[in-house]
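# Structure assessment
Each chain is listed here by its residues.
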Amino acid sequence: QTPLKKTKALVGDAGVTFSNAYTATPLCCPSRSSILSGKYPHNHMVRNNSLSGNCSSKAWQSGPENQAFPIYLSKKLYQTFYGGKYLNQYGSKEAGGVTYVPPGWDQWHALVGNSQYYNYTLSVNGKAEVHGDNYEKDYLTDLILNRSLAFLDERSPQHPFFIMLSPPAPHSPWTAAPQYQKSFGDVKAPRDGSFNKPGKDKHWLLRQPPNPMVNSSIDYLDNAFRKRWQTLLSVDDMVERLVKKLEDVKELNNTYIFFTSDNGYHTGQFSLPIDKRQLYEFDIRVPLLVRGPGIQPKQTLQVMMNIDLPMTILDIAGVNVSTLNMDGQSFLPQLVPSARNGTSRPYFLVEYTGEGHLPTDPYCPKLGPGLANCFPDCVCEDAFNNTYACVRTFKDYNLQYCEFADNEAFVEVYNLTADPYQLENIVKKVDPALLQTMNQRLIKLQSCEGKKTGQDVFTTSLCCYTSSNRFTCDF
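Everything quoted here is computed from the prediction, not taken from an experiment.

In this section: the nonpolar core. Membership of the largest hydrophobic core comes to 50 residues, with the highest contact counts inside it found for Leu122, Leu140, Ile163 and Leu165. Residue assignment for this core shows that the elements contributing at least two residues are β4 (121-124), α7 (140-154), β6 (161-166), α9 (215-248) and β7 (257-260). Ranked by residues supplied to this core, first place goes to α9 with 13 residues. Beyond its immediate stretch of four places on either side in the chain, Ile163 contacts Phe81, Ser148, Phe151 and Leu152. Counting residues in hydrophobic clusters, the runner-up holds 42 residues, among them Tyr82, Met164, Leu301 and Leu332.

Given below as C-alpha cells:
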C-alpha cells in the first residue's frame, strides 16, 4: 500500500526517481531556507524553527531571501505563484507580519506560521485572510491547489510560469480530508531495520529512550503513521489534478514537475517514537521525482541534495548558474543527458543545530533542563547539544561520518553498504587514516562560504560546487 500511487505514476514513472535524495538539514525551516537560497545552513544562518534561530527573521529577509531563486525567475519574466506553508515564523509581527511578501512572487498565498489544515490565516498578496473549518472552503491542501489552477487560467501565455505548492501534509496535526479519515485502517509503521532497536554506541540523546518502547509509544507512532498517510491522499489528488490541468491548457509537455519534501521522519527507529532532527538516513533522505521535457521515463538516478533544487530550476529557466552564489549544483545534465555533460556529487554536508528549553519539562521532571520535544512518554527528540555535522560520501566508500558539538565530542561512523540501517557505529574499527580524511572533508565543507565584500555580500563560493561542478578545495 502507498498513499501516493498517482504521484508515482504521473511524475516518477513518467520521468526520474532519485534513489538517494537528501536534505542539508533534517528540520523544516532551515531546510526550506536551503531550498529557497541554495545554501547550506551555515551560510544562510537559519538554525532552527524559531525567530531567534533566524527562521523568517529580519536578518533572513535582508540577506539570503534577497538572493533566493524566485528573484532570478522574476528577472526572466516568469509569472510566479506560491501557495501553502512557507517558513514556520512567516507572518509574525517581529518579521513584518502578513503584509510582508518575499520578493520574486507575483501571486502569494502563504500560511501564517506552522502547518495547519483548518483555522489558519493566509497572507494573500499581503492581506490577511482568515479561514475556518469548512472542508469545501478551507481545507488548505485543496485550497492552494484550486488557486494554482485559477492562476494557470489567468496567466499570460506570452511568459513562462513557476508554481510552488507547499501543502502542510503529512505534517502534524495530521488532519485528513473527511473522505480519507478511515483509510489505511490496518496500516502500521514498518517494523523493519532499526525499529524498536536500542541506540547502542550512539550519542547520548539516542541512549535515553527506554528499550523496548512502551506500548503507549507504539500505539502513538502507529496512529501518527496512519494519519500521515491519510493526509497524503489529498496530496496525491493534488498532483493528479495539476497534471490534468497542465494537459488541458496544453502545457504538460513544456513543464518540469518536481515532487519532494523538506525532511524525512522517523516512527520508532532506535526507539524514538516520532520526529526528525537526527543524522540518520530515515531523517535526512527525502523523496524526489521529476518529469519534464527531454527526461526519459522510468529512470532512476543517484545522488541529489535540496540545495541543488534552485540551481536546477534556474538552469531550466535559462539563468547562467555559474554566476550564482549558491552551494548547490544543477542536476539538469543528469536529467537531460543530451543537454551537456555533468558530474555526480561525490560527498556532501548535513548539519543541524540542536534546540532545547532551559526549564525542565514539567511533565518529565526527571529529565533535567536543555531538552525539547519530549513526547510521547517523556522520550526527548532534541536538546541543545544535539548539534552535529556529517559528511555523507558515495565515491569510493558509502560512508557517513558525523561529529557532535557536545561534551563527549561524540563521533559516529557508518558503512551504509554493509549496514544500511546504521545499527553499528564503526568509529573504533575503521582505519584512523580514513577518519582523518573524513574529518578534513568535514572541516572544509563547514568552512565553505563565499568571499565577502565590504558590505558582507557573498560573491563566490570557495569550497562548495562551482560552475564546473567540482570542488575548488583540494581534498
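A separate point is the sheet that holds β7. Taking strand neighbours across the sheet as the criterion, the 4 strands line up as β7-β10-β1-β11 in an open arrangement whose pairing is mixed. Unpaired on one side and paired on the other, β7 and β11 (299-305) mark the two borders of the sheet. Here the average twist between neighbouring strands, direction ignored, is 25°. Where strand β1 (residues 16-22) and strand β10 (residues 288-291) come together, 2 bridges link them in antiparallel fashion. Its bridge partner lying in β10, Val16 is registered against Val290. Together, β7, β10 and β11 form the strand contacts of helix α11 (residues 308-316), whose direction differs from that of β7 by roughly 175°.

What follows deals with the UniProt feature "modified residue: 3-oxoalanine (Cys)" (unreviewed entry) in the protein chain. Look at the UniProt record and you will see "modified residue: 3-oxoalanine (Cys)" (unreviewed entry) annotated at Cys28. Within the secondary structure layout, Cys28 lies in helix α2 (residues 28-37). Sequence-distant contacts of Cys28, defined by excluding residues within four places in its chain, comprise Asn49, Lys85, Asn88, His171, Asp262, Asn263 and Lys276.

Glancing now at the side chain of Thr267. Positionally, Thr267 belongs in strand β8 (residues 266-267). With relative accessibility at 6%, the residue Thr267 sits in the buried group.

Here the focus is the pattern of salt bridges. Throughout the structure, instances matching the rule amount to 16 salt bridges. With a closest N to O distance of 2.8 Å, Asp153 and Lys245 form a salt bridge. Of this pair, Asp153 sits in helix α7 while Lys245 sits in helix α9, placing them 92 residues apart in sequence. Residues joined in a network through salt bridges with shared partners are Lys6, Asp237 and Glu240.

By definition, the strands of a sheet pair up through backbone hydrogen bonds, in either a parallel or an antiparallel sense. The 5 strands are arranged β5-β4-β3-β2-β6 in an open sheet whose pairing can be described as mixed. Edge positions in the sheet fall to β5 (127-130) and β6, since each has one partner strand and no second. Between one strand axis and the next, the sheet turns by 15° as a mean value, whatever way the strands run. Of the pairings in the sheet, the one linking strand β2 (residues 79-85) to strand β3 (residues 107-111) comprises 5 bridges and is parallel in character. Residue pairing for β3: Phe81 is matched across the bridge by Gln107.

A separate point is the packing of helix α1 (residues 5-12) against α9. At a minimum axis distance of 7 Å, the contact between α1 and α9 shows a crossing angle of 35°. Between α1 and α9 lies a crossing whose hand is left-handed. On the side of α1, the interface is formed by Lys5, Lys6, Thr7, Leu10 and Val11, while α9 contributes Asp236, Asp237, Val239, Glu240 and Val243. Its residues assigned to classes, the contact of α1 with α9 shows 4 nonpolar, 1 polar and 5 charged.

For a regular strand, the rule is simple: side chains alternate between the two faces of the sheet. Direction of pairing for strand β13 (residues 371-374) relative to strand β14 (residues 380-383): antiparallel, over a ladder of 3 bridges. Within the sheet, the bridge partner assigned to Leu371 lies in β14 and is Ala383. What sits between the antiparallel neighbours β13 and β14 is a turn of 5 residues, in which Asp377 has the positive phi angle 60°.

The feature "domain: Sulfatase N-terminal" (unreviewed entry), as given by UniProt, occupies residues 8-319 in the numbering adopted here. As a span, residues 8-319 carries 32% helix and 17% strand, and end to end its C-alpha atoms are 29 Å apart.

Attention shifts here to the confidence of the model for the protein chain. Residues of the protein chain with pLDDT of at least 70 account for 94%, and the chain-wide mean is 93. In the predicted structure, residues 451-475 sits below a pLDDT of 50 and forms 62 contacts with residues beyond four places in sequence or in another chain.

Criteria and thresholds
- Residues numbered from 1 in each chain as written.
- Predicted model: local features only at pLDDT ≥ 70, side-chain atom pairs only at ≥ 80, totals over all residues.
- Heavy atoms only, no water.
- Core = buried A, V, L, I, M, F, W, Y, C linked by side-chain atoms within 4.5 Å.
- Buried < 20%, exposed > 50% of the residue type's maximum accessible area, 1.4 Å probe, protein only.
- Helix = DSSP H or I, 4+ residues; strand = E, 2+ residues; numbered from the N terminus.
- Contact = heavy atoms within 4.5 Å.
- Pairing = 2+ DSSP bridges.
- Axes fitted to C-alpha atoms, helices over the stretch in contact; angles between N-to-C directions.
- UniProt positions renumbered as here; feature names shortened; annotations may be inferred.
- Salt bridge = Lys/Arg side-chain N within 4 Å of Asp/Glu carboxyl O.
- Left-handed = near helix turned anticlockwise from the far one by under 90°.
- Nonpolar A, V, L, I, M, F, W, Y, C, P; charged D, E, K, R; others polar.
- pLDDT = per-residue confidence, 0-100.

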